[in-house]
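What follows is each chain in one-letter form.
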Amino acid sequence: MIGSLLTRTLHDALPGRRVAALVTHTVVRADDPAFRHPTKFVGQVHPRSEARALARRYGWHIAQDTTGWRRVVPSPSPERIVETDTIQDLLSVDTLVVCAGGGGVPVTTDPDTGALHGVEAVVDKDLTAALLAEDLKADFLLILTDVPNVYADYGTPQQRPVLDATPTDLRRGGFPAGSMGPKTEAAARFVERTGGLAAIGALDAAQEIVHGRSGTLVRPEMTVP
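Within each chain, residues carry numbers counting from 1 in the order of the written sequence. Reporting of local features is limited, given that this is a predicted model, to residues whose pLDDT is at least 70; pairs of side-chain atoms are given and counted only at 80 or more, and all residues count toward the totals for whole chains, interfaces and linings. Remark: hydrogens and water are excluded; side-chain values derive from all non-hydrogen atoms of the structure.

## Some thoughts on the sheet that holds strand β6 (residues 80-81)
To keep things clear, this is the line we draw: At least two bridges found by DSSP between two strands is the condition for calling them paired. Only runs of H or I of at least four residues qualify as helices and only runs of E of at least two qualify as strands under DSSP, and these elements are numbered from the N terminus.
Sheet architecture is open: 4 strands sit in the order β6-β2-β8-β9, paired in mixed fashion. Each of the sheet's edge strands pairs with one partner strand only, and the pair in question is β6 and β9 (116-118). Sheet topology note: the strand β2 (residues 25-27)/strand β8 (residues 105-109) ladder contains 3 bridges and is parallel. Bridge pairing in β8 places V27 opposite V107.

## So, the pattern of salt bridges
Put simply, the rule reads: Throughout this description, the term salt bridge denotes a Lys or Arg side-chain nitrogen within 4 Å of a carboxyl oxygen of Asp or Glu. Type-normalised accessible area, obtained with a 1.4 Å probe on protein chains alone, sets the label of each residue: buried when under 20%, exposed when over 50%, and partly exposed for intermediate values.
Enumeration over the complete set of coordinates arrives at 13 salt bridges. For the salt bridge of D94 with R17, the shortest nitrogen-to-oxygen distance reads 3.6 Å. With D94 in the loop between α3 (84-92) and β7 (95-98) and R17 in the loop between α1 (2-13) and β1 (18-21), the pair connects residues that are 77 residues apart, well separated along the chain. In this structure D94 comes out as partly exposed when scored by relative accessible area, which is 49%. For R17, a relative accessible area of 33% corresponds to the partly exposed category. Note that D164 and R219 form a salt bridge whose closest N and O atoms lie 2.7 Å from each other. In this pair, D164 sits in strand β13 (residues 164-165) while R219 sits in the segment after β15 (216-218), placing the two residues 55 residues apart along the sequence. Salt bridges linked by common partners bring R171, E185, R189 and E192 together as one network.

## Some points on the nonpolar core
Threshold: Buried Ala, Val, Leu, Ile, Met, Phe, Trp, Tyr and Cys residues form a nonpolar core when they are joined through side-chain atoms within 4.5 Å. The contact criterion used is simple: two residues touch if any of their non-hydrogen atoms lie within 4.5 Å.
Core analysis: the largest hydrophobic core is formed by 21 residues, its most contacted members being L141, F190 and A198. Taken together, the elements giving at least two residues each to this core come down to α4 (125-135), β10 (140-145), β11 (150-152), α6 (180-194) and β14 (197-202). Ignoring anything within four residues of it in the chain, the contact list for A198 reads F140, L141, A187, F190, V191, T216, L217 and V218. By size, the runner-up hydrophobic cluster in this structure holds 7 residues, among which are I87, V97, A100 and L136.

## Describing the layout of surface pockets
The line we're drawing: Points on a 1 Å grid, built from protein atoms alone, make a cavity when a 1.4 Å probe fits but cannot get out and make a pocket when they are open with protein on both sides within 12 Å along at least 5 of 7 lines; residues with an atom within 4 Å of a point are the lining residues. Grid points are joined across faces, edges and corners, and a volume is the space filled by probe spheres set on the points. Under the grouping applied here, Gly and all other residues not named as nonpolar or charged are polar, the nonpolar ones being Ala, Val, Leu, Ile, Met, Phe, Trp, Tyr, Cys and Pro and the charged ones Asp, Glu, Lys and Arg.
In this structure, the largest pocket occupies an estimated 1700 Å³ of space. Along its surface, the largest pocket is lined by 40 residues, and V97, V98, C99, A129 and L142 are the ones closest to its centre. Contributing elements (two or more residues each) for the lining of the largest pocket: α1, α3, β7, α4 and β10. Considering each element in turn, the lining of the largest pocket owes the most residues, 6 residues, to β10. Counted by class, the lining of the largest pocket contains 26 nonpolar, 8 polar and 6 charged residues. Here the second largest pocket is characterised by a volume of approximately 560 Å³. If you trace the second largest pocket, you find 21 residues lining it, with D124, A177, G178, S179 and P182 closest to the centre. Among the elements of the structure, β3 (40-46), α4, α5 (167-172) and α6 are those that each provide at least two residues to the lining of the second largest pocket. A per-element tally of the lining of the second largest pocket places α6 first, with 6 residues. Along the lines of polarity and charge, the residues of the lining of the second largest pocket split into 6 nonpolar, 7 polar and 8 charged.

The following block contains the structure:
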């Protein structure tokens with residue numbers, strides 16, 4: 001549904017441009033440790049007693065969220081995007097591709113046949129974006145969110161913007177797993193693996209971020225000859 005909304009909006013904003021939304025499958029490892037420790041909240045909020053009853057009935061894992069109790073599922077690391085070649089083919093004919101929505105549909109592969117099997121999980125969307133950008137040999141990874149840039153000590157009197165950082169800087173920042181953590185890790189992975197640049201910033205400042213006038217720029221580590 002979101003792919004359709006984005007496609008229609010882009011179609012209207014870019015007359016004459018080819019736009020396509022692609023259902024994307026993300027391969028994860030069946031033995032990923034995340035399957036033993038579900039952490040990703042999904043679905044609606046329930047009172048504790050109702051959540052426990054649903055957990056017993058359906059075999060769910062539940063955890064307390066800020067406003068109640070919700071189901072939690074694993075969030076395994078993305079290993080491969082099944083449709084990477086298809087996305088590349090679409091890009092080669094100047095098609096704007098909306099893909100990897102929500103991190104993609106998580107699947108495992110049969111070791112003997114290669115068949116795909118769906119799994120109940122949620123793959124982090126930022127880590128999937130970094131992997132896809134790497135595989136497509138993208139020049140730049142832009143992660144757009146609802147804040148102008150990454151903040152050190154966010155939500156404290158010592159809060160300050162991080163305007164320029166390396167992967168090492170970001171990993172030392174201790175950013176929360178439920179918010180900025182995956183975004184900083186995704187940017188760090190892309191920069192480390194490709195030697196390219198990444199940036200994190202506000203959705204409505206994308207053009208400013210690309211031109212270095214807003215957001216947090218993530219660059220490779222400096223090397224001393």
